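Structural characterization, general
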Amino acid sequence: MIIVDEIKGRAHGSRVAIREGGNDISFDALFHAVAQVRNQLLAHPAFHQSVVPRIGVRFPNGLGYIVVALAVLETKACFVPIPDELTGCEREQLIGETALHGVVSWVESGNPDSVIDLPLGLGRAEVRGCQNPTCGFSEQAFDALNPAFIRFSSGTTAASKGVILSHESLLARIRSANDALGIQPGDCVLWTLPMAHHFAVSIVLYLYFGATTVIEACHQPDQIYQSAKNAGANILYGSPFHFAQLAQCGEAGYLPSLRLAVSTASALSDGVAEAFEKRFQLPLTQALGIIEVGLPILNLEHAKDMPTALGQVLPAYEWKIRDYEQDKGVGELLLRGPGMFDAYLSPWQTRAEISDDDWFATGDLVEEVLPGTLMMRGRCKSVINVGGMKVFPEEIEAAFNEHPSILRSRVFAARHPTLGGFPVGEFICKEGCSVPSMLELIKFCEPRLAAYKIPLQMKAVDHIDLTPSGKVKRH
């Protein structure tokens, strides 16, 4: 089974699949373009392997990315996104760990022997073969999965892992997610996120269920708003950053067509949620995407009265909370259900080897604040033990990030001879803002945090590292 064939089998025909820069591309036109690129790719030696080829895609956001990614999948190769923001060393490390056979990149010019012309006026792409890839895993075991997709986890607390999804798993997870999202033919989704990080349970899902994906390359809030308004968008899919900007846009107002605004990629704050709902008369719905699982949690029931809640586990999934060092009410979230990942690439581990009876330990610490409704409390590996009491850096960061002068913060543990640890941290100031004093920060946090959670030291820095998916990187 190939996921592209499953999408084409839905026969969406003349419906608009992609809208970009004022141009509407129908499903028929999209898959005609995909076939043209597929045929050119198949002529390249990188696709002539005795095993399933692993092909990297390094392309800017947009229609071209979608066409090339689908063409790679249609060749029956395994698609490996290569994010643009990676450094040269990080890119070569990804290529080496996945033992890629080739990389498809957007180019303005290049060697005529390795350059292909893209349809629909999308320019040109270079297909580069990778010399003698050395596998740290069994090619036979890899091929047996019917692999479609390798994506690296965000790596917020440890080294990233190459997560492998089969075509079957990909189909199962988009079906499970859409039981809650309810996307159907005729819907219009405004897209703002990077495709190298968000493609499987988003672009593939929208195409499968016949929705129109409107690609807005500009991140200016007035342009995003105008695109949503002009397209009659039913669904907005973005990060808290995008929704915060939209809420501050002077021209923005009620969008009568809008029925769902999904916030993902990082934690939603009360401030952003309140500002967005006030401006658009629609609550933000937080979603938790996990590359190993899919989209298992969505805050559909309490988006209005508890917008920062992680939400409710979707009907297709089972869940349970495993106690974490005897914490009352807080424990590690375990999930089980359709579309789970098939294996980790390096070191090679199948799902069966990692999970206990197919339960996946997420590493997320959660609390059931209402029956069936979960609240994120932190990550197992980032918890700070202060005299036997657990402190979650994410909770402290959320409080500091509400300060009008702070753009972003990071909290971590400092060792203490008797307490075990205590929270300290660093922050970046917003442009044009003065650095708040430690006394000012303590007073700001006192009504928001218990005394033992307030850091004893917070220093201003110029930079805080982020993971490729935009989360604070923890060391």
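Attention here is on the structure that accompanies the text. (Residues numbered from 1 in each chain as written. Predicted model: local features only at pLDDT ≥ 70, side-chain atom pairs only at ≥ 80, totals over all residues. Heavy atoms only, no water.)

Within the protein, the regular secondary structure consists of 13 helices and 27 strands. Over its C-alpha atoms the protein spans a radius of gyration of 23 Å, differing by no more than 12% from the 23 Å that the globule rule assigns to 475 residues. C-alpha atoms of the protein, sized along the principal axes, occupy 65 × 50 × 45 Å. Across the 475 residues of the protein, 56% fall into the buried class. (Helix = DSSP H or I, 4+ residues; strand = E, 2+ residues; numbered from the N terminus. Rg over C-alpha atoms; globule rule 2.2 N^0.38 Å. Buried < 20%, exposed > 50% of the residue type's maximum accessible area, 1.4 Å probe, protein only.)

Below, the discussion takes up the nonpolar core. One finds Leu30, Ile66 and Leu207 to be the most contacted residues of the largest nonpolar core, which totals 89 residues. Here the element with the most residues in this core is helix H3 (residues 63–74); it accounts for 10 residues. Excluding residues that lie within four positions of it along the chain, leucine 30 makes contacts with Ala17, Ile25, Leu63, Ile66, Val67, Leu70 and Leu207. (Core = buried A, V, L, I, M, F, W, Y, C linked by side-chain atoms within 4.5 Å. Contact = heavy atoms within 4.5 Å.)

On to empty space enclosed by the protein, then. The full count for this structure, using the stated rule, is 2 cavities of 30 Å³ or more. If you add up the space inside the largest cavity, you get close to 50 Å³. In terms of lining residues, the largest cavity is bounded by Leu190, Thr192, Ile224, Leu236, Tyr237, Gly238, His242, Phe243 and Leu246. For the lining of the largest cavity, the secondary structure elements donating two or more residues are strand E12 (235–238) and helix H9 (240–248). The residue makeup of the lining of the largest cavity, split by class, is 6 nonpolar, 3 polar and no charged. Computed from the structure, the second largest cavity encloses a volume of approximately 40 Å³. Along the walls of the second largest cavity sit Leu73, Phe79, Ala148, Phe149, Leu170, Phe199, Ala200 and Val204, which together make up its complete lining. When the residues that make up the lining of the second largest cavity are grouped by side-chain class, the tally is 8 nonpolar, no polar and no charged. (1 Å grid on protein atoms, 1.4 Å probe; cavity = no way out; pocket = protein on both sides within 12 Å on 5 of 7 lines; lining within 4 Å. Points joined across faces, edges and corners; volume = space filled by probe spheres on them. Nonpolar A, V, L, I, M, F, W, Y, C, P; charged D, E, K, R; others polar.)

Applying the stated criterion across every chain, the model contains 16 salt bridges. A salt bridge links arginine 54 to glutamate 139; its shortest N-O distance comes to 2.9 Å. Of this pair, arginine 54 sits in strand E3 (residues 54–58) while glutamate 139 sits in helix H5 (residues 139–144), and the two are 85 residues apart along the sequence. Overlapping salt bridges, with partners in common, bring together Asp5, Lys8, Arg38 and Glu74 in one network. (Salt bridge = Lys/Arg side-chain N within 4 Å of Asp/Glu carboxyl O.)

Moving on, we come to helix H10 (residues 270–280). Working note: α-helix, 3.6 residues per turn, so residues spaced by three or four point in the same direction. Along H10, the positions that sit buried rather than exposed are Val272, Ala273, Phe276, Glu277 and Phe280. On an axial view of H10, the arc spanned by its buried residues comes to 120°, and they lie on one face. The outward face of H10, more than 90 degrees from its buried face, is lined by the exposed residues Glu274 and Lys278. Considering only its buried residues, H10 is in contact with helix H8 (221–231), E12, H9 and strand E13 (260–263). Immediately downstream of H10, the backbone of glutamine 281 shows phi near 60°, a positive value. (Arc of directions from axis to C-beta.)

The subject of this paragraph is the pairing of strand E9 (residues 162–166). In terms of burial, E9 is largely enclosed, as 5 of its 5 residues are buried. Across the two faces of E9 the burial is the same, with Gly162, Ile164 and Ser166 and Val163 and Leu165 all buried. Of the pairings in the sheet, the one linking strand E8 (residues 147–152) to E9 comprises 5 bridges and is antiparallel in character. By the bridge assignment for E9, arginine 151 is matched with valine 163. Here E9 pairs with strand E19 (residues 343–344) via 2 bridges, running antiparallel. Bridged to valine 163 within E19 is tyrosine 344. (Pairing = 2+ DSSP bridges.)

A word on H3. The end-to-end C-alpha distance of H3 is 16 Å, a good match for the 16 Å that 12 residues give at a rise of 1.5 Å each. Burial analysis of H3 places 12 of its 12 residues in the buried class, which makes it a mostly covered element. All of the buried residues along H3 are Leu63, Gly64, Tyr65, Ile66, Val67, Val68, Ala69, Leu70, Ala71, Val72, Leu73 and Glu74. Lysine 76 sits one or two residues past H3 and shows a positive phi near 75°. (Expected span 1.5 Å × (residues − 1).)

Here glycine 136 shows up in the loop between strand E7 (124–129) and H5. Under the relative-accessibility criterion, glycine 136 is labelled exposed at 67%. For the pair glycine 136 and leucine 118, spaced 18 residues apart in sequence, the C-alpha separation works out to 34 Å.

Here threonine 285 is to be found in strand E14 (residues 285–290). Leaving out residues up to four positions away in the same chain, threonine 285 has contacts with Leu260, Ala261, Val262, Ser263, Leu298, Asn299, Leu300 and Ala303.

A sheet is described by the order of its strands in space; here 9 strands give the open sequence E2-E1-E11-E10-E12-E13-E14-E15-E16, paired in mixed fashion. Only two strands of the sheet have a single neighbouring strand rather than two, namely strand E2 (23–26) and strand E16 (312–313). Here H8 sits on the sheet and contacts strand E1 (16–20), strand E10 (188–191), strand E11 (212–215) and E12; the angle it forms with E10, its principal contact strand, is near 170°. Packing against the sheet, H9 makes contact with E12 and E13, and its axis sits at approximately 120° to E12. (Axes fitted to C-alpha atoms, helices over the stretch in contact; angles between N-to-C directions.)

Here we take up the environment of valine 272. For valine 272, the position within the fold is in helix H10. Along the sequence, valine 272 and serine 169 sit 103 residues apart, while their C-alpha atoms lie 34 Å from each other. In contact with valine 272, not counting residues within four places along its chain, are Pro240, Phe243, Ala244 and Leu284.

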